[in-house]
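# A closer look at the structure
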Amino acid sequence: IGDQIDLGGVTLECMPIPFAHWPDNTMFWMPQERLLFPSDLFGSHYAPDIPGKPDETIRIEQSRTYFSEIMMPFRSHVKGYVEQVRALDPAIICAAHGPVWFEPDTILSEYERMVSDKTTRDVLIAYVSMHGSTGRMVRLLAKTLSDEGIGVKLVDLGSARHDLRVPVGMVLTGAVFAGALILASPAVLGGAHPLVSAMTMLIGGINPPVKYIGIAGSYGWGSQMVKQLESLLGNHKAARLEPLLVRGLPAKEDEEAIKVYALELAARMKALPEGEVL
Ligand SMILES: Cc1cc2nc3c(=O)[nH]c(=O)nc-3n(C[C@H](O)[C@H](O)[C@H](O)COP(=O)(O)O)c2cc1C
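Basis of the calculations
Residues numbered from 1 in each chain as written. Predicted model: local features only at pLDDT ≥ 70, side-chain atom pairs only at ≥ 80, totals over all residues. Heavy atoms only, no water. Domains from an automatic or database assignment. Buried area = accessible area lost by both parts, 1.4 Å probe. Salt bridge = Lys/Arg side-chain N within 4 Å of Asp/Glu carboxyl O. Polar contact = N/O pair within 3.5 Å; in protein donor to acceptor, adjacent residues only side chain to side chain. Helix = DSSP H or I, 4+ residues; strand = E, 2+ residues; numbered from the N terminus. Phe/Tyr/Trp six-rings, centres within 6.5 Å; stacked < 30°, edge-to-face > 60°. Buried < 20%, exposed > 50% of the residue type's maximum accessible area, 1.4 Å probe, protein only. Core = buried A, V, L, I, M, F, W, Y, C linked by side-chain atoms within 4.5 Å. Near = heavy atom within 4 Å. Areas by Shrake-Rupley, 256 points an atom, 1.4 Å probe, with all protein chains shown as cover. Nonpolar A, V, L, I, M, F, W, Y, C, P; charged D, E, K, R; others polar.

For the rest of this paragraph, the subject is the domain arrangement of the chain. Domain annotation for the chain reports domain 1 (4-114) and domain 2 (123-276). Here domain 1 and domain 2 have C-alpha centroids that lie 33 Å from each other. In total, about 1,100 Å² of surface goes out of reach between domain 1 and domain 2, with carbon and sulfur atoms giving 65% of it. When the area that domain 1 buries against domain 2 is broken down by residue, the three leading residues are Arg64, Met72 and Arg75, summing to 38%. Linking domain 1 to domain 2 there are zero salt bridges. Where domain 1 packs against domain 2, one counts two residue pairs in polar contact (both at pLDDT 80 or more). Of all the secondary structure elements, the ones that give two or more residues to the side of domain 1 that touches domain 2 are α1 (56-71) and α3 (104-114).

What follows deals with the packing of aromatic side chains. Evaluation of the coordinates by the stated rule reveals three aromatic pairs. On the basis of an interplanar angle of 65 degrees and a centroid distance of 4.7 Å, the ring pair of phenylalanine 42 and tyrosine 111 is categorised as edge-to-face. One end of the pair, phenylalanine 42, is in the loop between β4 (35-37) and α1; the other, tyrosine 111, is in helix α3, with 69 residues separating them in the sequence. By relative accessible area, which is 0% here, phenylalanine 42 ends up buried. Ring centres 5.4 Å apart and planes at 80 degrees place the aromatic pair phenylalanine 67 and tyrosine 111 in the edge-to-face group.

Turning to the nonpolar core, a few remarks are in order. Grouped together as the largest cluster of nonpolar side chains are 51 residues, with contacts concentrated most on Leu41, Phe42, Phe67 and Tyr111. When residues of this core are assigned to their parent elements, the largest contribution, five residues, is made by α1. The residues that make up this core include at least three from each of domain 1 (4-114) and domain 2 (123-276).

Close to the ligand lie 17 residues; Ser129, Met130, Ala187, Gly190 and Ser218 are nearest. Contact distances for the ligand include 2.7 Å between an oxygen atom and a side-chain N or O atom of threonine 134. For the ligand, a nitrogen atom lies 2.9 Å from a polar atom in the backbone of leucine 189. For the ligand, whose unbound accessible area comes to 640 Å², protein coverage reaches 80%. A breakdown of the residues in the shell around the ligand according to their chemical character gives seven nonpolar, ten polar and no charged.

Here it is as structure tokens:
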């Protein structure tokens, strides 16, 4: 801590930031130029700039993906480092991965939102459907929520990758700000579909700040899906919604139950306290 490297006229000050991602993460600060080299902090998996035409929306989305996959589990540490960087007031931030931030306020403000543990009132639904039953459930759920004015993002974990992003990454990115997460799966071999199990394991480990988690899906005769997914979620502190399970394709009365579930969830999203919402 406090070590300095003299580069002849300018210096680099060493500032350890353990568990921004790794135990040995270290920032380097050049006070003469107000240049910050923050290692993994403020990074992206790649620099999506079109030369001469940087697109802020894409850059922010990419840094959110990176944060969700790399830093979200350590966000209580990251929060302190973001405050530290704000106080330094850097002119330029040169992260080890991804674009250079010539207007640091853009990425600092985004990080301040991401470490705040505040969410939107949006609902994120990650699902798999082998034969269309769970798919029909989640589409009705999404439509009813949307009719109630709730923002919904549906991610089919079985779909192909979209440019460089795989569906799992889209769910993690969405989970940075989603108020609720629904994990929907058909029953398979006594448990959930393997893609939903893997997704749930990641959610349990990465621990996004969602306020509600729900397990839903379709089954043929019976399974331990809810128990299995709950054990993969570990002790995630989000409140749990009653499981929403339907036998086979949703029948008329199942559709009614799905609508009631959606209306109750919409009411919960609307009732999130103003102070906890972005
Ligand atoms: C390989 C395979 C394994 C299954 N295992 C179970 C099971 O253990 N328990 C169960 O209740 N249903 C099981 N089912 C039935 C499905 O859960 C059921 O058909 C469900 O409606 C499929 O939903 P989907 O259309 O969203 O894929 C299995 C189906 C398949 C194809």
